[in-house]
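# Results of the structural survey
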Amino acid sequence: MLYVDVAQMVKLIGKIGVETAIVELAEYIEQDFKRWGEFQKQPRYAAHHPKGVVELMPIADDQQFGFKYVNGHPANTKKGLQTVIAFGVLSDMETGYPLLLSEMTFGTALRTAATSSLAARYLARQEAQTMAIIGNGSQSEFQALGFKAMLGIKTIRVYDIDPDASQKLAQNLINKGLEIIICKTADEAILGADIITTVTADKKAATILSDNMVGAGVHINAIGGDCPGKTELHADVLKRGSVFVEYEPQTRIEGDIQQMSEDFAVTELWQVFASLQKGRVNNEQITIFDSVGFALEDFSFLRYIYDKICDSGYDVSLDLFAEPDNPRDLFGLL
């Protein structure tokens, strides 16, 4: 089984380049979403705690099985810990043997940015040049670079309740070809924005965007509301827009649409990618990507990294499973 640790992931992505990796990964995600019917799907398993959540995200087709272990603990930063950490496994379905064990803390940020940017390519106005990012934590730089690489975004207007987070984002994106404007309020950040990304961390029902803040033609990339009881958009915003989701049964539980009735209409992204449903139909339409993160995106990332390391000749294996010479004599190894 191949093994990719944090140091190797940093080296690999550094060699590829963050923007190139996001663009290439988006191609894998789009390919997999277009073959939606080939996958065995289910909402992720989630174990909730007052301080956060631990989740397992499995999915499989006839050839490969993938899963990700991931947490979400907003208060971790007060302890010097990451809000989100993750690892993933890709396995061969014919034998059940794992092919790859990989770090996925970087992977989660990359696949989230790739999915957001890919969705926006179908849902945002073609002439979009300015994006607001409300919430400037660990995901924010990846979002900014993804939208720059895939949509040609030139200006990023940023706001966070912690001014240091916005300064951190601006510092990290120096010389990246983006104009960064630090704003004092969320209302200021969305002025003139063609796309609004909300990526807040608090595990609570919040109103990051209210109805009066959203103008005609805006695309909203709502990625912070991702567990029961955690939302970012006022229900009136959802009522005004066309809402797109990854996997409806999961988003009904975890997304911003958990506020809405069961008959509230949404469109799954795979249908848009496969040209079975329309995305944006005119420049006045408000489009909303109610993203909670779905296992298929992690599966795509694991496939992408597996292909990359195989092509590079990288070969660090992990001896995690017993392999007796006689497969019927496990005890003999002792």
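What comes next concerns the included structure.

## Quick notes on the sheet that holds strand β14 (residues 242-245)
Taken in spatial order, the eight strands of this open sheet run β9-β8-β7-β10-β12-β16-β14-β15, and their pairing is parallel. With one partner strand each, in any of the chains shown, β9 (179-182) and β15 (267-268) form the two edges of the open sheet. Taken together, the four bridges between strand β8 (residues 155-159) and β9 define a ladder with parallel strand orientation. Each residue of the ladder has a partner; that of Ile-156, found in β9, is Ile-180. Sitting on the sheet, helix α3 (residues 105-123) touches β12 (219-222), β14 and β16 (287-290), and the angle it makes with β16 is about 155°.

## Things to note about the environment of Ala-46
Tracing the chain through its elements places Ala-46 in strand β2 (residues 45-49). Of the residues examined, Ala-46 reaches a relative accessible area of 25% and is grouped as partly exposed. The spacing of Ala-46 and Ile-22 is 24 residues in sequence and 27 Å in space, taken between C-alpha atoms. Setting aside residues up to four positions removed in sequence, Ala-46 forms contacts with Val-53, Val-54 and Glu-55.

## Some details on the pairing of strand β3 (residues 52-60)
Counting buried positions along β3 yields seven of nine residues, so the element is predominantly enclosed. Note that β2 and β3 share five bridges and pair antiparallel. Note that in β3 the partner of Tyr-45 across the bridge is Leu-56. In terms of strand pairing, β3 meets strand β4 (residues 64-72) through eight bridges, oriented antiparallel. Each residue of the ladder has a partner; that of Pro-58, found in β4, is Phe-67. Hairpin connection from β3 to β4: three residues lie between these consecutive antiparallel strands.

## Focus: the sheet that holds β2
Pairing is mixed in the open sheet, where six strands are placed in the order β1-β6-β5-β4-β3-β2. In this open sheet, the two strands that pair with only one neighbour each are β1 (2-4) and β2. In this sheet, neighbouring strand axes are inclined to one another by 10° on average, regardless of whether the strands run parallel or antiparallel. Bridge analysis of β4 against strand β5 (residues 86-92) gives seven bridges, and the strand direction is antiparallel. For Lys-68, the partnering residue across the bridge sits in β5 and is Gly-88. Packed on one face of the sheet, helix α10 (residues 295-312) meets β1, β3, β4, β5 and β6 (98-103) and runs near 100° to β6.

What counts, and where the lines are drawn
Residues numbered from 1 in each chain as written. Predicted model: local features only at pLDDT ≥ 70, side-chain atom pairs only at ≥ 80, totals over all residues. Heavy atoms only, no water. Pairing = 2+ DSSP bridges. Helix = DSSP H or I, 4+ residues; strand = E, 2+ residues; numbered from the N terminus. Contact = heavy atoms within 4.5 Å. Axes fitted to C-alpha atoms, helices over the stretch in contact; angles between N-to-C directions. Buried < 20%, exposed > 50% of the residue type's maximum accessible area, 1.4 Å probe, protein only.

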